[in-house]
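# Close look at the chain arrangement
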Amino acid sequence: MSDQPLRFGVSVHRARSGDDLGALAHRLEDQGFDSLHTADHLGMVAPFSMLAVAAGATTSLRFGTLVVNNDFWNPVLLAREAASLAVLSGGRFELGIGAGHAAVEYEAAGLSYDRPAVRISRMAETIDVMRRLLDGEEVDFAGAHHRLVGASTGIETPGRVPLLVGGNGDRVLALAGRHADTAGLTGFTSGTGQSHSDLSHFTWAGLQDRIDHVRAAAAAGPRRDEPGINILVQQVVVGERAPAAESFAGVTGHDPAMLLDSPFLLLGSVAEIVGQCERLQSLGVTSVAAFDARGGEDLAPVIDALR
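Residues numbered from 1 in each chain as written. Predicted model: local features only at pLDDT ≥ 70, side-chain atom pairs only at ≥ 80, totals over all residues. Heavy atoms only, no water.

### Overview of the overall build of the protein chain
What the protein chain contains, in helices and strands, is 12 helices and 13 strands. Computed over C-alpha atoms, the radius of gyration of the protein chain comes to 19 Å, within 12% of the 19 Å expected from 2.2 N^0.38 for 307 residues, which places it in the range of a compact globule. Of all 307 residues assigned to the protein chain, the portion counted as buried reaches 51%. Long-range contacts, defined as pairs at least 24 residues apart, comprise 72% of the intrachain contacts of the protein chain with a sequence gap of at least 6. Per element, the accessible surface of the protein chain, about 13400 Å² overall, is 50% carbon and sulfur. Computed over 24 positive and 37 negative side-chain charges, the inter-centroid distance for the protein chain is 4 Å. (Helix = DSSP H or I, 4+ residues; strand = E, 2+ residues; numbered from the N terminus. Rg over C-alpha atoms; globule rule 2.2 N^0.38 Å. Buried < 20%, exposed > 50% of the residue type's maximum accessible area, 1.4 Å probe, protein only. Contact = heavy atoms within 4.5 Å. Areas by Shrake-Rupley, 256 points an atom, 1.4 Å probe, with all protein chains shown as cover. Lys, Arg positive; Asp, Glu negative; His and termini not counted. Charge placed at Lys NZ, Arg CZ, Asp CG, Glu CD.)

### Things to note about the packing of helix H6 (residues 170-179) against helix H7 (residues 204-220)
Relative to each other, H6 and H7 sit at 50°, their axes nearing to 7 Å. Relative to H7, the element H6 lies oblique. For the crossing formed where H6 meets H7, the hand is right-handed. When H6 is examined against H7, the residues Asp170, Leu173, Ala174, Gly177 and Arg178 are found in contact with a partner set consisting of Arg210, His213, Val214, Ala217 and Ala218. Looking at the contact of H6 with H7 residue by residue, the classes come out as 5 nonpolar, 2 polar and 3 charged. (Axes fitted to C-alpha atoms, helices over the stretch in contact; angles between N-to-C directions. Parallel < 35°, antiparallel > 145°, perpendicular 65-115°, else oblique. Left-handed = near helix turned anticlockwise from the far one by under 90°. Nonpolar A, V, L, I, M, F, W, Y, C, P; charged D, E, K, R; others polar.)

### Some remarks on the side chain of Ser262
Residue position: Ser262 is located in the loop between helix H9 (256-260) and strand E12 (265-268). Using a relative accessible area of 1% as the deciding quantity, one classes Ser262 as buried. Looking at Ser262, its side chain comes within polar contact range of the main-chain nitrogen of Phe264, at 3.0 Å. (Polar contact = N/O pair within 3.5 Å; in protein donor to acceptor, adjacent residues only side chain to side chain.)

Keep in mind that these numbers describe shape and distance, not what the molecule does.
The following block contains the structure:
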């Protein structure tokens, strides 16, 4: 169990205007949230633009991508974006990266949709290169997927830019264990679609299994510490637990009883959700990101109770 307080964030996927997004970010900061995140999908406002606007409206709130699709980016250009946002936010940015999964987005963008092993191998190279670039190195690299000569961001960041690696599968989480500051756990197996029905690790036992996998990879490598653990909570409902679980089950087709005992759904009274957060922390979870702003803001009284 970490001695540090559990950190809370909200993953925002919609922005009607810069004013609305700035107001939301300011409100989250006032409510005691630690971070605002956004994803990287076609059909939504681009992630770094959203986070730059939110950073300009706040002073202490941190920001992160949860997560960028590695295949949408050249590693040098991604490192430049990350370093730029780190500078513009005063060092409040964390780069989260994943291997991508939605085949329809690759098709729309004219990108090759390779099998998971290739996408993960490509991401592993990006992580290697990008860590060095963000640390201010000039990089020469010749790998299976990337070739760089004298690459540099040319940007001096205000401190180290933290890296989150997000996903659920063994190979991705092994990368997180070996290289990331934080492992981001989703609880589901992505597949090739934009929605997720294989809640393969959505239970407490499943979460423990994924944490154990991250820790084993960390212990087998050269690092001397363990990465932090972030979980992406799909829904927050302060109120009656059973109707909320039944509503979510109606969307996913899963057993409401299983969903009632899932760490990836925070359901119930403030006291019940506080107890669930304390249980998460006892497993070593260091941060929680709620999936959308509307539900995420329900966490405000939980944050107050825990602090």
